[in-house]
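Close look at the chain arrangement
Now for the letters of each chain:
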Amino acid sequence: ATPTAVMVATGKGASQGVLIKGGYALEKAHKASGLQKGISRASTFCPSVKTVIFDKTGTLTVGKPVVVNSMIFSQVPVHHLCEIAAAAEANSEHPLAKAVVDHAKKLRQQYGLQTEHSEVNDFEVHPGAGVRGNVKGKAVLVGNKRLMQKFQVPFSPEVEEYVSDTEHQAQTCVLVAIDGAISGAFGVMDPPKPEAEHVISYLKSMNISSIMVTGDNWSTATAIARKVGICTVFAETSPVGKAEKIKELQTKGLTVAMVGDGINDSPALVAADVGMAIGAGTDIAIEAADVVLMKSNLEDVITAIDLSRKTLSRIR
Ligand code: ADP
Ligand code: MG
């Protein structure tokens with residue numbers, strides 16, 4: 001009867017848009033549960049999850065951020081700043097990069113400018129920080145404070161003020177440096193998914209606690225966490241740091257599920273007892289996960305946990 005129950009669970013999950021991967025995932029969940037060998041591996045698929053760790057951007061939030069304000073700290077005209085920033089971001093897959101590119105496009109239309117496309121050379125991605133590249137012979141950095149510090153770009157009090165203002169409004173501040181000086185910045189808003197708050201409170205009613213782990217800064221992260229009802233936040237965390245946070249919780253004896261969408265989540269998705277990838281996420285995250293939430297809806301975190309509990313009781 002056991003293999004049948006397993007197949008039913010997997011099939012049922014698939015029909016609900018929750019894809020549970022084969023052998024390896026189940027084995028990992030089995031090891032995590034510490035149950036005896038006699039019991040089916042699939043039956044032990046995340047029955048004892050006590051903690052769910054959520055990535056922020058693209059997981060708890062819609063993942064389609066929009067530039068909602070901008071600021072100039074130099075003589076550069078705003079459309080020029082946008083053009084340079086968009087050129088630097090053109091090769092990035094990050095949702096924030098898309099926001100900058102879209103904003104430049106919108107501005108170009110507004111100003112009735114011709115679609116002049118600047119090329120980027122020596123493009124580099126700095127995960128959890130931003131991008132670097134040469135545009136029109138200028139060294140351009142687009143990203144957060146950490147990126148600017150990495151390249152020793154100084155901060156004026158005005159810049160500091162803009163950064164803290166945008167962040168306290170739950171926006172992400174994207175800074176643009178040209179030739180070693182901050183020329184301007186964007187306030188980018190990525191609202192929480194409509195179902196996020198409900199899912200967090202439902203998990204709480206199941207005695208499962210939720211934690212946010214993000215590469216984003218503390219103020220934005222805390223502002224978003226407050227909106228969805230998460231009390232525990234780890235911000236400014238590198239991709240490896242996310243995985244380490246999970247291992248830390250595991251050494252306390254907790255069974256941990258991780259929900260994420262990005263390349264930056266893949267070490268954590270692997271480290272977790274159960275890794276759940278957002279279906280709309282990057283291929284690397286989907287590959288690293290044990291479960292794929294095909295509809296990219298957070299309600300399915302509950303579906304996945306429910307499904308495993310039902311399977312377990314059927315087998316027992
Ligand atoms: P999260 O963990 O929330 O998904 P990431 O680790 O992808 O976030 O990124 C963390 C932070 O690094 C972002 O909030 C942003 O400040 C900065 N960042 C990363 N990539 C870019 C980019 N392409 N353009 C601008 N900023 C970026
Ligand atoms: Mg993300």
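Every value quoted in this text rests on a predicted model; they were computed, and no experiment measured them. Here the residue index of a chain counts from 1 through its sequence in written order. Chain labels run from A onward and ligand labels from 1 onward, assigned in the order the entries are written. With the structure being a predicted model, the display of local features is reserved for residues of pLDDT at least 70 and the display and counting of side-chain atom pairs for 80 or more, all residues being used for whole-chain, interface and lining totals.

1. Here we look at helix 9 (residues 218–228)
Rules: Burial is judged by counting the other C-beta atoms within 10 Å of a residue's own C-beta: 20 or more makes it buried, 12 or fewer makes it exposed, and any count in between marks it as partly exposed, with every C-beta position built from the backbone. To qualify as a helix, a DSSP run of H or I must reach at least 4 residues; to qualify as a strand, a run of E must reach at least 2; elements of each kind are numbered from the N terminus. Throughout, a pair of residues is in contact if the C-beta atoms placed from their backbones lie within 7 Å.
Every buried residue of helix 9 is listed here: Ser219, Thr220, Ala221, Ile224, Ala225 and Val228. In this structure, the buried residues of helix 9 make contact with helix 3 (56–60), helix 7 (157–168), strand 7 (171–178), helix 8 (196–205), strand 9 (209–213) and strand 10 (232–234). Of the residues one or two after helix 9, Gly229 is the one with positive phi, at around 90°.

2. Describing the site of ligand 1
In plain terms, the rule: Being near a molecule or strand means, for a residue, that its backbone-placed C-beta atom lies within 6 Å of it. Under this grouping Gly is polar, as are all residues other than the nonpolar Ala, Val, Leu, Ile, Met, Phe, Trp, Tyr, Cys and Pro and the charged Asp, Glu, Lys and Arg. Segment limits for the domains were obtained from an automatic or database-derived domain assignment.
Near ligand 1, the surroundings consist of 23 residues, among which Thr57, His94, Asn144, Gly215 and Asp216 are the closest. Put simply, the parts of the chain that give the shell around ligand 1 at least two residues each are helix 3, helix 5 (95–110), strand 5 (130–135), strand 6 (138–143) and strand 7. When residues of the shell around ligand 1 are assigned to their parent elements, the largest contribution, three residues, is made by helix 3. Among the residues making up the shell around ligand 1, the classes are represented as six nonpolar, 13 polar and four charged. Formed jointly, the shell around ligand 1 draws a minimum of three residues from each of two domains, domain 1 (16–62 + 192–315) and domain 2 (66–189).

3. A few points about the domain arrangement of the protein
Partitioning the protein into structural domains gives domain 1 (16–62 + 192–315) and domain 2 (66–189). Across the boundary between the two partners, domain 1 contributes 14 residues, which contact 11 residues of domain 2. Of all the elements in the fold, those that place two or more residues in the side of domain 1 that touches domain 2 are helix 3 and helix 9. Top element by residues in the side of domain 1 that touches domain 2 is helix 9. It accounts for five residues.

4. Description of the sheet that holds strand 1 (residues 18–20)
As a reminder of what qualifies: In this analysis, strands are considered paired if DSSP registers two or more bridges between them. Axes here mean lines fitted to C-alpha atoms, for a helix over just the part in contact, with angles spanning 0 to 180 degrees between N-to-C directions.
Strand order across the open sheet formed by seven strands is 1-13-12-11-2-9-10, with mixed pairing between neighbours. Both edges of this open sheet fall to strand 1 and strand 10, since each of them pairs with a single strand only. Between one strand axis and the next, the sheet turns by 20° as a mean value, whatever way the strands run. Of the strand pairs in this sheet, strand 2 (residues 51–55) and strand 9 are connected by five bridges, and their pairing is parallel. Paired with Phe54 across the bridge in strand 9 is Met212. Contacts between helix 10 (residues 239–251) and the sheet are confined to strand 2, strand 9, strand 10 and strand 11 (256–260), with strand 11 contributing the most and set at about 160° to the helix.

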